[in-house]
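# Chain and residue survey
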Amino acid sequence: MTHADTALPVSLDRAAVTPLAVQLADALREAAASGHLRGGDRLPSTRALAGRLGVSRTVTSAAYEQLHAEGWIAGRHGSGTYVTMPPSFSASEVPAPAVPAPEADAPALLDLGPGTPWADGLDRAAWRRAWRAAADPDPLVRAHRAGLPEYRAAVSEHLLRHRGLAAGSVLATGGTTAAVIELAAAVLERGDVVAVEEPGYQRAVQAFRRAGLRVVGVPVDDEGLRPSAIPAGTRAVYCSPAHQYPMGSRLSAARRVSLVELARSSSMLVIEDDYDGELRFDVAPLPMLASLAPDVVVHLGTTSKILTPTLGAGWMVAPEAITSAVLAYRDSTGTRPSPAGQRVLYEFARNGDLGRHLRKLRREMAERRTLLAGALSSAGIPIRGDDAGAHLVVPFSSASVEASVIAAAERRGIRLDGLARHFAGEPSAHGVAIGYAGCSREALVAALPALVSLLRGQSLPS
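Since the structure is predicted, the reported quantities are computational estimates derived from the model, not experimental observations. (Residues numbered from 1 in each chain as written. Predicted model: local features only at pLDDT ≥ 70, side-chain atom pairs only at ≥ 80, totals over all residues. Heavy atoms only, no water.)

On to helix H8 (residues 253-266), then. Helix length check: H8 (14 residues) gives 20 Å between terminal C-alpha atoms against 20 Å at 1.5 Å per residue, within 8%. Along H8, the residues that are buried comprise Arg255, Arg256, Leu259, Val260 and Ala263. Buried residues along H8 cover an arc of 130° about the axis, so they all sit on one side. Away from its buried face, by an angle of more than 90 degrees, H8 presents the exposed residues Ala254, Glu261 and Ser265. The secondary structure elements touched by the buried residues of H8 are strand S7 (214-221), strand S8 (224-225), strand S9 (236-239), strand S10 (269-273) and helix H9 (289-292). Positive phi appears at Ser267, one or two residues downstream of H8, with a value of about 55°. (Helix = DSSP H or I, 4+ residues; strand = E, 2+ residues; numbered from the N terminus. Expected span 1.5 Å × (residues − 1). Buried < 20%, exposed > 50% of the residue type's maximum accessible area, 1.4 Å probe, protein only. Arc of directions from axis to C-beta. Contact = heavy atoms within 4.5 Å.)

Written as structure tokens, this is what we have:
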């Protein structure tokens, strides 16, 4: 089919329960899988196809978007939409492992754990250009205790443009965990009670404990952290409101207000980890805690998830008393965040490359999310936390199911992340967190049949 006016093997049943867009996507997918459509064949425009089939353009656009996300079709600027070389499995088949089980001497696994950035999406030319430019200035004689001024200015612009936060003062950090360590040492005191999400980010939990703080877990649900469960006398609370790690929920607007009101009334510090804050899908933005209450909130961000951990660069936006305490701690210990990564980030942002990367990242993650969530949902597999971030959660009914699925996935060459390891105490929820940023799209597509086969029919909660 090399011309747009060639007939398509499509028949839509308007009386069927299946939506027309799904019927159309299924028909085109099957045509590509069977060889009726071949790689390089041009498809009609969504408008032309809608006219031929007598349906709205919304139907054809939705079908094309789904097929594009799955890798069956691709657009070429100025010349239309074409069939790609189809994936090696039929949509109606779930073959034995699409990702072969590793040999004894080749233990490499496809890692689908959360928290890994889309490093393959970096524009290599822009990346090299930023590193070369970062090497041009003369070597520093003395490190800037608060971070390079140009880096802090670049972060301020990033926060305003991409997160809607007007940051009065930005402090450079070595990343989220490094910032937590500094806060625990410089701001909090031994014996203070710190509330953390349960399940939650265990590196932060360990940082607090090593500083001699008393850590208490606060349960999370579909609306995020439960402020009402924070015990009286808590000195600080650590949370990830944009996309809770690992359960994937977003802190609801009502709970955001409740949390900052509690913080103000009880002199409690809120540490806002902006994990996956740049990524949201099909949902309206919610006000950042730092925007709601800059007087009691410490906002933490990092380049590790939006770019790469290579830079070791992050930031902190906090009340003046907090930043002063952190700077005094740095002066007394001689610690400083590395300026090398700061220089690279500044150069990467200066010419607009950071903004372009973030726009590309959002598009790619949205398409991957549609691909993964669609495949799992179509197979009747329940998912959570897929309206933001770069991972979703498949819940299980028991620890034994979680353990068996993880082991079976590893035998098929796939590493899945169980929820159990994210609890500081006894696990009260079971399942797997599936990330979709750290691998190639082709590898994700190839792994889908194995994932569906592994997860379908498990003992899942209703």
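Now for the side chain of Glu272. Its place among the elements puts Glu272 in strand S10. No salt bridge is formed by the buried Glu272; the nearest opposite charge belongs to Arg256, separated by 4.9 Å. At 2.9 Å, the side chain of Glu272 forms a polar contact with the backbone nitrogen of Leu289. Among the polar contacts made by the side chain of Glu272, one reaches the main-chain amide nitrogen of Ala290 at a distance of 3.2 Å. In this structure, Glu272 is in contact with Cys239, Pro241, Met288, Leu289, Ala290, Val297, Val298, His299 and Leu300, ignoring residues within four places of it in sequence. (Lys, Arg positive; Asp, Glu negative; His and termini not counted. Salt bridge = Lys/Arg side-chain N within 4 Å of Asp/Glu carboxyl O. Polar contact = N/O pair within 3.5 Å; in protein donor to acceptor, adjacent residues only side chain to side chain.)

With that settled, consider the pairing of strand S11 (residues 297-302). Extensive coverage of S11 is indicated by the burial of 6 of its 6 residues. On S11, burial covers both faces: Val297, His299 and Gly301 on one face and Val298, Leu300 and Thr302 on the other are all buried. As defined by bridge partners, S10 adjoins S11 across 4 bridges and the pair is classed as parallel. Looking across to S11, one finds that Ile271 is bridged to Val298. Pairing geometry for S11 and strand S12 (residues 314-317), over 4 bridges, is antiparallel. Looking at S12, one finds that His299 is bridged to Val317. (Pairing = 2+ DSSP bridges.)

Attention now moves to helix H13 (residues 399-411). Taking 1.5 Å per residue as the helical rise, H13 with its 13 residues ought to reach 18 Å, and the 19 Å between its terminal C-alpha atoms agrees with that figure. Every buried residue belonging to H13 is among Val401, Glu402, Val405, Ala408 and Ala409, and all of these are buried. All buried residues of H13 fall inside an arc of 140° around its axis, so they share one side. Of the residues in H13, the exposed ones pointing more than 90 degrees away from the buried face are Ser400 and Arg411. On the buried face of H13, the contacting elements are strand S13 (391-396), strand S14 (414-415), strand S15 (417-418), strand S16 (430-435) and helix H14 (441-455). One or two residues past the end of H13 sits Gly413, with phi positive at roughly 90°.

As a further point, take the sheet that holds S12. Taken in spatial order, the 8 strands make up an open sheet running S5-S12-S11-S10-S9-S6-S7-S8, and their pairing is mixed. Of all strands in the sheet, those bounded by a partner on one side alone are strand S5 (171-173) and S8. Here strand S6 (residues 193-198) runs beside S7; their pairing, made up of 6 bridges, is parallel. Bridge pairing in S7 places Ala195 opposite Val216.

Grouped together as the largest cluster of nonpolar side chains are 86 residues, with contacts concentrated most on Leu259 and Ile434. Shared between two domains, this core holds at least three residues of each, these being domain 2 (110-114 + 356-456) and domain 3 (124-352). If we ignore the near neighbours within four places in the chain, the residues touching Ile434 are Leu112, Leu372, Leu376, Ala390, His391, Leu392, Val394, Leu416 and Leu455. (Core = buried A, V, L, I, M, F, W, Y, C linked by side-chain atoms within 4.5 Å. Domains from an automatic or database assignment.)

The next point concerns the side chain of Arg163. By the secondary structure assignment, Arg163 is in helix H5 (residues 149-163). A polar contact is formed between the side chain of Arg163 and the backbone oxygen of Gly277, at a distance of 3.1 Å.

It is worth spelling out the environment of Arg163 at this point. Arg163 gets classed as buried once you look at its relative accessible area, which sits at 15%. For the pair Arg163 and Pro287, spaced 124 residues apart in sequence, the C-alpha separation works out to 9.2 Å. With near-sequence residues (within four places) excluded, Arg163 lies in contact with His158, Ala242, Asp274, Gly277, Glu278 and Met288.

Averaged over all residues, the pLDDT of the protein chain equals 86, while 89% of them reach at least 70. Looking at the elements of the protein chain, mean pLDDT is at its lowest for strand S2 (residues 73-76), recorded as 68, and at its highest for S9, recorded as 98. Segment residues 86-107 is flagged for pLDDT under 50; beyond a separation of four residues in sequence, or across chains, it makes 38 contacts in the model. (pLDDT = per-residue confidence, 0-100.)

This part covers unusual backbone geometry. Backbone torsion omega between Glu198 and Pro199 reads 5°, so that peptide bond is classified as cis. Relative to the helices and strands, Pro199 resides in the loop between S6 and helix H7 (202-210). With an omega of 15°, the peptide bond between Tyr245 and Pro246 qualifies as cis. Its place among the elements puts Pro246 in the loop between S9 and H8. We note that Ser267 has phi near 55°; this positive angle belongs to a residue other than glycine. Note on placement: Ser267 falls in the loop between H8 and S10. Note on Ser267: relative accessible area 59%, which makes it exposed. With a phi angle near 60°, Asp276 is a residue other than glycine that sits in the positive phi range. The topology assignment puts Asp276 in the loop between S10 and H9.

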